[in-house]
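Summary of structural features
Read off the chains here:
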Amino acid sequence: MESNKDEALRCLSIARKHFDAGNLPSARKFCLKSKALFDTPQAGKLLESIESAETGGPSSSSQGASSKNTQTEEHPSAAGMKHRHPQTSEKSEGNGTAGGMGGDKRDYTKEQHDVVKRVRACKVTEYYEILAVKKDCEEGEIKKAYRKLALALHPDKNGAPGADEAFKLVSKAFQVLSDPQKRAVYDSSGGDPDSRFGGRSSSSDFATHSFANGGFDGEVSPEELFNMFFGGGGGGFGPGFSAGFGGGPTVFSASFGPGGFRQTRTFTTRRGQAGAGAAPQQDTRSMFIQLMPLLLLFAFSILSALPNIFSTPPVPEPRYSFASTAKFNGHMETGGLGVSYFVNPTDFSSHPLIGPELAKEGLKVGKHGIEKRDGTTTEAKLNGKGKVRGPVLAKFEDGVDRTYTHELYVQCQRGVDRKERLREAEVGMFGIGTDWEKVKKIESEPVPSCEELKRLGVLRS
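Please read these numbers as outputs of a predicted model, since none were measured by experiment.

1. Some remarks on the overall build of the chain
Secondary structure assignment for the chain yields 15 helices and 12 strands. Counting the 461 residues in the chain, one finds 37% classified as buried.

Here is the structure:
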């Protein structure tokens, strides 16, 4: 299909790289994958060259790599990790030398051979035994053990038979135990934790993965892990190392630092942006939506308080009483209903609204109510029903009238109810033996509060 053409060409390019490097199995693998995705003439020619090189025939593409004659070693203990190293035509002899990674014979000591034998004697998943550390060891001890064993077993420095396989075992053990999550899985199950992760195999595909839309197609070999740990072969832990590889929507990265060896799979958008980067934005939007009701409530509270903030606070009305006391001894009568009430003359005259209104008319409040300010006497009465008042005083006395009549109405209703209960108690159920004179007396008994309401004209007779 045309949609797979780009992926096929990419696999073909990878196959050519492996072929040029002399890695014929990997070259065949990616060449076959390219043909399966989209068959091209170039893939067919390259496959013929690979088959010709494998059978020992001449090939123009393989002559440049004929001197390398690479061989792939595999060990089931390394969870599928593959490590390539050239082999010489000479066989390793038992006189203390073996082929190294550079193709030259390397000497090895009895101590190096003993380390190789010890590591290879361990089971493939006995990671703590492989690194010779305790199960409750710290991460620093794991790094220290790997550093020591990696330097001792590296095929370039250890020519003992089986050093390469032992090197892979140590690398695998370090990758598991240096990752807290994998180590926790291993401690609980005792098996290879990579077999529990989706998309991975515990025996043959630890390092190589293929995805239809592009992704991780490289290898995290023991040699690469060694370079990551030692910063390219240096002799120290270094501040850390990280590497990323893969294309398309999935990118794998391998890193080594204070947290140990890590492999991270990151999903990206088509524009190359990490999918995880959108998570903080989604969290921010979700938090904003959850806080929206509180923000609206706070905004409405502020808006409702604005009038009170920018307006003048109301002035309280002067205090008064319907009975004369030592403090409230200034007798007043409302201009509406003529209700008698008592105020404190000093406080009433100094009220910020009523005081200036009375002063403007040349009046004041005394013990006998409103008087002339100049002290002259006059026959004209200034208190009582129907007397003209200023707007502020008139509003105040309207409130006095309402309060007074409301209290009278409540008392009147109570008096009427009391009379009704007395009459029903006297008449009884059927009126037998009732003293009707007493009943008439109860009915004719006046209720003072009701009479007062009648006098004020609020209640009809």
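2. Focus on the pattern of salt bridges
Scanning the entire structure with this criterion turns up 14 salt bridges. Between Lys-110 and Asp-114 there is a salt bridge, and its shortest N-O distance comes to 3.2 Å. Taken together, the residues span about one helical turn, with Lys-110 and Asp-114 both in helix α4 (residues 110–121) at a distance of 4 residues. Between Arg-455 and Glu-452 there is a salt bridge; the shortest N-O distance is 2.6 Å. Highlighted residues: Arg-455 and Glu-452, both in helix α15 (residues 448–456), separated by 3 residues, approximately one helical turn. Given the relative accessible area of 56%, Arg-455 is considered exposed.

3. A few points about the side chain of Arg-183
By secondary structure assignment, the location of Arg-183 is in helix α8 (residues 180–189). For the buried residue Arg-183, which engages in no salt bridge, the nearest side chain bearing the opposite charge is Asp-187, 4.0 Å off. Only 2.9 Å separates the side chain of Arg-183 from the backbone oxygen of Cys-137, close enough to count as a polar contact. Among all residues touching Arg-183, those that are not within four sequence positions of it are Tyr-128, Lys-135, Asp-136, Cys-137, Ile-142, Val-176 and Leu-177.

4. Some thoughts on the sheet that holds strand β10 (residues 340–343)
Reading across from one edge, β8-β10-β9 is the order of the 3 strands in this open sheet, with antiparallel pairing throughout. Bordering the open sheet on either side are β8 (320–321) and β9 (330–333), each of which pairs with just one other strand. Pairing analysis gives 4 bridges linking β9 to β10, with the strands arranged antiparallel. Across the sheet, residue Glu-333 finds its bridge partner in β10, namely Ser-340.

5. What about the environment of Val-388?
Relative to the helices and strands, Val-388 is located in the loop between β12 (369–372) and α13 (391–427). Exposure remark for Val-388: the relative accessible area of 77% places this residue in the exposed category. With 52 residues separating them along the chain, Val-388 and Gly-336 place their C-alpha atoms 9.1 Å apart.

6. Regarding the packing of aromatic side chains
One pass over the structure, following the stated rule, counts 9 aromatic pairs. Taken together, a centroid distance of 5.6 Å and an interplanar angle of 85° make the contact between Tyr-320 and Phe-322 edge-to-face. With relative accessibility at 25%, the residue Tyr-320 sits in the partly exposed group. With a relative accessible area of 27%, Phe-322 lands in the partly exposed category. For the ring pair Tyr-320 and Phe-396, a centre distance of 5.7 Å and an interplane angle of 85° mean the geometry is edge-to-face. One end of the pair, Tyr-320, is in strand β8; the other, Phe-396, is in helix α13, with 76 residues separating them in the sequence. Every member of this aromatic cluster is reached through a ring pair, and the members are Tyr-320, Phe-322, Tyr-341, Phe-348, Phe-396 and Tyr-404.

7. Here's the deal with the state of the cysteines
Scanning all chains against the criterion turns up 1 disulfide. Sulfur-sulfur distance for the disulfide between Cys-412 and Cys-450 comes to 1.7 Å. Negative torsions about the S-S bond denote left-handed disulfides, and the value of about 100° found for Cys-412 with Cys-450 makes this one right-handed. Here Cys-450 lies in helix α15 and Cys-412 lies in helix α13, a separation of 38 residues in the sequence. Side by side, Cys-412 and Cys-450 carry an identical accessibility label, which is buried. Here Cys-11 stays unpaired: no disulfide links it, and the sulfur of Cys-31, its closest cysteine neighbor, is 10.0 Å away. Judged by relative accessible area, which is 0%, Cys-11 ranks as buried.

8. Focus: the packing of α4 against helix α7 (residues 163–177)
Helix-helix packing is characterised by the crossing angle of the two axes and by the distance between the axes. Across the interface, α4 lies against α7 with an axial gap of 9 Å and an inter-helix angle of 55°. With respect to their mutual orientation, α4 and α7 come out oblique. The handedness of the crossing between α4 and α7 is left-handed. Within the contact between the two elements, α4 uses Val-116, Val-119 and Arg-120 and α7 uses Ala-163, Glu-165, Ala-166, Leu-169 and Val-170. Of the residues assigned to the contact of α4 with α7, the class counts are 6 nonpolar, no polar and 2 charged.

9. A word on α15
Where α15 is concerned, the buried positions are Ser-449, Cys-450, Glu-452, Leu-453 and Leu-456. One side of α15 carries all its buried residues, which in axial view fall inside an arc of 160°. Of the exposed residues in α15, the ones pointing more than 90 degrees away from its buried face are Pro-448 and Arg-455. The inward-facing, buried residues of α15 abut α13. Phi turns positive one or two residues past the end of α15, at Gly-457, with a value near 85°.

10. Digging into the nonpolar core
In this structure, Val-119, Tyr-127, Ile-130, Leu-131, Leu-153, Val-170 and Leu-177 are the most contacted members of the largest nonpolar core, which totals 28 residues. Counting only elements with at least two residues in this core, the list comes to α4, α5 (127–131), α6 (139–153) and α7. Non-local contacts of Tyr-127, meaning those with residues more than four positions away in its chain, are made with Lys-172, Ala-173, Val-176, Leu-177, Tyr-186, Asp-192 and Pro-193. Core analysis: the next-biggest nonpolar cluster, separate from the first, contains 13 residues, Leu-12, Ile-14, Phe-19 and Phe-30 among them.

Basis of the calculations
- Residues numbered from 1 in each chain as written.
- Predicted model: local features only at pLDDT ≥ 70, side-chain atom pairs only at ≥ 80, totals over all residues.
- Heavy atoms only, no water.
- Helix = DSSP H or I, 4+ residues; strand = E, 2+ residues; numbered from the N terminus.
- Buried < 20%, exposed > 50% of the residue type's maximum accessible area, 1.4 Å probe, protein only.
- Salt bridge = Lys/Arg side-chain N within 4 Å of Asp/Glu carboxyl O.
- Lys, Arg positive; Asp, Glu negative; His and termini not counted.
- Polar contact = N/O pair within 3.5 Å; in protein donor to acceptor, adjacent residues only side chain to side chain.
- Contact = heavy atoms within 4.5 Å.
- Pairing = 2+ DSSP bridges.
- Phe/Tyr/Trp six-rings, centres within 6.5 Å; stacked < 30°, edge-to-face > 60°.
- Disulfide = S-S within 2.5 Å.
- Axes fitted to C-alpha atoms, helices over the stretch in contact; angles between N-to-C directions.
- Parallel < 35°, antiparallel > 145°, perpendicular 65-115°, else oblique.
- Left-handed = near helix turned anticlockwise from the far one by under 90°.
- Nonpolar A, V, L, I, M, F, W, Y, C, P; charged D, E, K, R; others polar.
- Arc of directions from axis to C-beta.
- Core = buried A, V, L, I, M, F, W, Y, C linked by side-chain atoms within 4.5 Å.

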